[in-house]
Amino acid sequence: MSDPPTHYPSLIAVAERFASGGAIAAVEAFGSGNINDTFLATVEGTSHLPFVLQRINTRVFRRPQLVMKNMSIFTRHVRDRLQHSPLSRRWEVPRVLLTTEERDHWVEADGSVWRAISFIDGSESFDAMHDVDHATEVGYALGTFHNLISDLSPAQLADTLEGFHITPLYLQHYDRVVAKTAVNLSPEVRYGLEFVRDRASWCAVLETAKTQGKLPLRLMHGDPKVNNVMFDRATGKAVSMIDLDTVKPGLVHYDIGDCLRSGCNPIGEETEQWETVYFEPDLCEGILRGYLSVAQDFLTDSDYDYLFDAIRLIAFELGLRFFTDYLAGNVYFKVKHPDHNLLRALVQFQLTQSIEFQETAIRALIQDLR
Ligand code: GN1
Ligand code: MG
């Protein structure tokens, strides 16, 4: 678990580094991220907009400079592109705010690394999906994001988190953790071990397709959870995608799978009622419809062939990641209690199973949308 805000260096002083002369009125905990620590800084007076202040988790992002460099490169690319060919509706790209020394991050005396990003004016985000219209907007947002970076070469961006979404590597790590851990064989742990064992031989499905040249390396968002889509408070329309740390070379399938595993689980990934978790096909249809309304042009037949596997795999992969972290003693994801990652894993495994039960219907849906 990360330190509570009181253990930080003065948050106000850190925020002031990025406030371009404005006086900080308040810095408050913001959002519900599992990795970085996020705050909203408000500036005194009416001429300054609030901004997002974050302490980058450098145990996860070991080279924060590269994360910031990637962010500058692709946000500039997208902003240029929007300037030359604007979309027919509002779309915003978060801006990296610089320190008074014109740096894109600030290192405190205690070694902590901080950065600031503009907050999308008049916007809000939601942890759970309300309805199919909301789902369609979330899909549109991901499609728009992919579309706007589709002409930037993946080689332009660094790999800031090696192994991210490479499921066979998570499996190898899991095997190592299981081998060296005195596992407490509770019924839930036993269930998790069997669940992973039964899917181990399938979990290289996307990596194999990538190696065989069936799925091209593109740029991806990396974390398109439902609450990373910002909605205009006035129009109710999606206007931005935030949380840009993991924008890097990868498969768009990781994003599609992640968006669906997050968006089609109506009771949410943090529920303790894991046995009642299910995958909602109407929300799936909404997300895919919204996504394909913008992404159809750059998807190939082979891309479509792997959509079902992507949906199943990323739910399974996140379950595997949470389960491994539980077994390893909660070293990666922030937790509120010792069994938190185990419960999160069970939620994702239940979701995976619900996807598996509905395979025929989901495949038919994908076929219809093609
Ligand atoms: C982490 O910190 P947050 O919530 O933005 C994780 C994602 C997971 C997500 C699950 C870098 O994202 O991969 O899908 O938790 N990010 C990283 O809630 O590991
Ligand atoms: Mg994130």
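Refer to the structure above for everything that follows.
Keep in mind that what you see is a predicted model, and the values were worked out from it rather than measured.

(A) Structural context of the sheet that holds strand β9 (residues 229–232). Taken in spatial order, the 3 strands of this open sheet run β7-β9-β10, and their pairing is antiparallel. Looking at strand neighbours, the two that pair on one side only are β7 (123–124) and β10 (238–241), the edges of this open sheet. Bridge count for β9 against β10 is 3 bridges, and the pairing is antiparallel. Bridge pairing in β10 places F231 opposite A238.

(B) Inspection of the pattern of salt bridges at higher detail. If you walk through the whole model with that rule in mind, you get 23 salt bridges. We note a salt bridge from E92 to R90, for which the minimum N-O separation is 2.8 Å. On the basis of relative accessibility, which here comes to 29%, the residue E92 falls in the partly exposed class. Among the residues examined, R90 registers a relative accessible area of 31% and is labelled partly exposed. Close ionic contact of E285 with R289 constitutes a salt bridge, the shortest N to O distance being 2.5 Å. Of the two residues, E285 and R289 are both situated in helix α8 (residues 281–295); the distance of 4 residues between them amounts to about one turn of the helix. Salt bridges here are not isolated pairs; linked through shared partners, they connect D37, R55 and K334.

(C) Representation of the site of ligand 1 within the structure. Not every one of the 16 residues close to ligand 1 is listed here, only the nearest: D223, K225, E269, R321 and Y332. A distance of 2.9 Å separates an oxygen atom of ligand 1 from a polar atom in the side chain of D243. One of the side-chain nitrogen or oxygen atoms of R261 is found 3.4 Å away from an oxygen atom of ligand 1. Burial of ligand 1 by the protein chains amounts to 95% of its free accessible area of 450 Å². Put simply, ligand 1 lies in the largest pocket. Looking at the shell around ligand 1, the elements with two or more residues in it are α7 (252–263) and α10 (307–327). Here the residues of the shell around ligand 1 are counted per class, giving 7 nonpolar, 2 polar and 7 charged.

(D) Here's a closer look at the packing of α7 against α8. Two numbers describe how α7 lies on α8: the axes approach to 9 Å, and their chain directions differ by 145°. Helix-helix and strand crossings are classified by hand; for α7 and α8 the assignment is right-handed. Across from V252, I256, C259, L260 and G263 in α7, the residues of α8 making contact are L283, C284, I287, L288 and Y291. Taken together, the residues of the contact of α7 with α8 break down into 9 nonpolar, 1 polar and no charged.

(E) Region of the structure containing the layout of surface pockets. Space inside the largest pocket adds up to approximately 930 Å³. In terms of lining residues, the largest pocket is bounded by 46 residues, among which G33, Q54, D223, N228 and D243 are the most central. Looking at the lining of the largest pocket, the elements that each hand over two or more residues are β3 (51–56), β6 (113–118), β7, α7 and α10. When the residues that make up the lining of the largest pocket are grouped by side-chain class, the tally is 19 nonpolar, 15 polar and 12 charged.

(F) A look at the coordination of the magnesium ion (ligand 2). Surrounding the magnesium ion (ligand 2) are the protein donor atoms D223 (OD) and D243 (OD), which sit 1.9 to 2.0 Å from the metal. With D223 in the loop between β8 (218–220) and β9 and D243 in the loop between β10 and β11 (248–250), this residue pair connects regions lying 20 residues apart in the sequence.

(G) Local environment of the environment of G268. Note that G268 resides in the loop between α7 and α8. In this structure, the C-alpha to C-alpha distance between G268 and V347, residues 79 residues apart in sequence, is 8.6 Å.

(H) Spotlight on the packing of aromatic side chains. Applying the stated criterion across every chain yields a total of 15 aromatic pairs. Taken together, a centroid distance of 5.7 Å and an interplanar angle of 45° make the contact between Y191 and F195 tilted. You can see Y191 and its partner F195 sitting in helix α5 (residues 187–199), 4 residues apart, about one turn around the helix. Looking at F195, the relative accessible area reads 3%, which means it is buried. Here the guanidinium or amino end of R199 rests over the ring plane of F195, the centre of that ring lying 3.5 Å away. Sitting above the plane of the W202 ring, R312 keeps its charged end 3.7 Å from the centroid.

(I) Main features of the nonpolar core. Formed by 106 residues in total, the largest nonpolar core has its most connected members in F74, L206, L260, F279, Y291, F316 and F323. The dominant element in this core, judged by the number of residues it contributes, is α10, at 14 residues. Counting contributing residues per domain, this core is built from domain 1 (8–119) and domain 2 (132–369), each supplying no fewer than three. With sequence-adjacent residues up to four places away left out, F279 is seen in contact with L260, C264, C284, I311, L351, S354, I355, Q358 and I362. Judged by nonpolar contacts, the second largest core, of 16 residues, contains V14, V27, A41 and W106.

(J) Layout of empty space enclosed by the protein. One pass over the full model with this rule turns up 1 cavity of 30 Å³ or more. Taken as a whole, the largest cavity encloses approximately 80 Å³ of empty space. Lining the largest cavity, in full, are F74, V78, W91, E92, V93, P94, F145, L148, S240, M241 and L244. Looking at the lining of the largest cavity, the elements with two or more residues in it are α2 (64–84), α3 (132–149) and β10. Residues that form the lining of the largest cavity fall into these classes: 9 nonpolar, 1 polar and 1 charged. Looking at the lining of the largest cavity, you find at least three residues from each of domain 1 (8–119) and domain 2 (132–369).

Definitions and limits used
- Residues numbered from 1 in each chain as written.
- Chains lettered and ligands numbered in written order.
- Predicted model: local features only at pLDDT ≥ 70, side-chain atom pairs only at ≥ 80, totals over all residues.
- Heavy atoms only, no water.
- Pairing = 2+ DSSP bridges.
- Helix = DSSP H or I, 4+ residues; strand = E, 2+ residues; numbered from the N terminus.
- Salt bridge = Lys/Arg side-chain N within 4 Å of Asp/Glu carboxyl O.
- Buried < 20%, exposed > 50% of the residue type's maximum accessible area, 1.4 Å probe, protein only.
- Near = heavy atom within 4 Å.
- Polar contact = N/O pair within 3.5 Å; in protein donor to acceptor, adjacent residues only side chain to side chain.
- Areas by Shrake-Rupley, 256 points an atom, 1.4 Å probe, with all protein chains shown as cover.
- 1 Å grid on protein atoms, 1.4 Å probe; cavity = no way out; pocket = protein on both sides within 12 Å on 5 of 7 lines; lining within 4 Å.
- Sits in = over half its atoms within 2 Å of the grid points.
- Nonpolar A, V, L, I, M, F, W, Y, C, P; charged D, E, K, R; others polar.
- Axes fitted to C-alpha atoms, helices over the stretch in contact; angles between N-to-C directions.
- Left-handed = near helix turned anticlockwise from the far one by under 90°.
- Contact = heavy atoms within 4.5 Å.
- Points joined across faces, edges and corners; volume = space filled by probe spheres on them.
- Donors = N, O, S within 2.8 Å, 3.2 Å for Na, K, Ca; no water.
- Phe/Tyr/Trp six-rings, centres within 6.5 Å; stacked < 30°, edge-to-face > 60°.
- Lys NZ or Arg CZ within 6 Å of the ring centre and 35° of its normal.
- Core = buried A, V, L, I, M, F, W, Y, C linked by side-chain atoms within 4.5 Å.
- Domains from an automatic or database assignment.

Bear in mind that shape data such as this cannot, by itself, settle questions of function.
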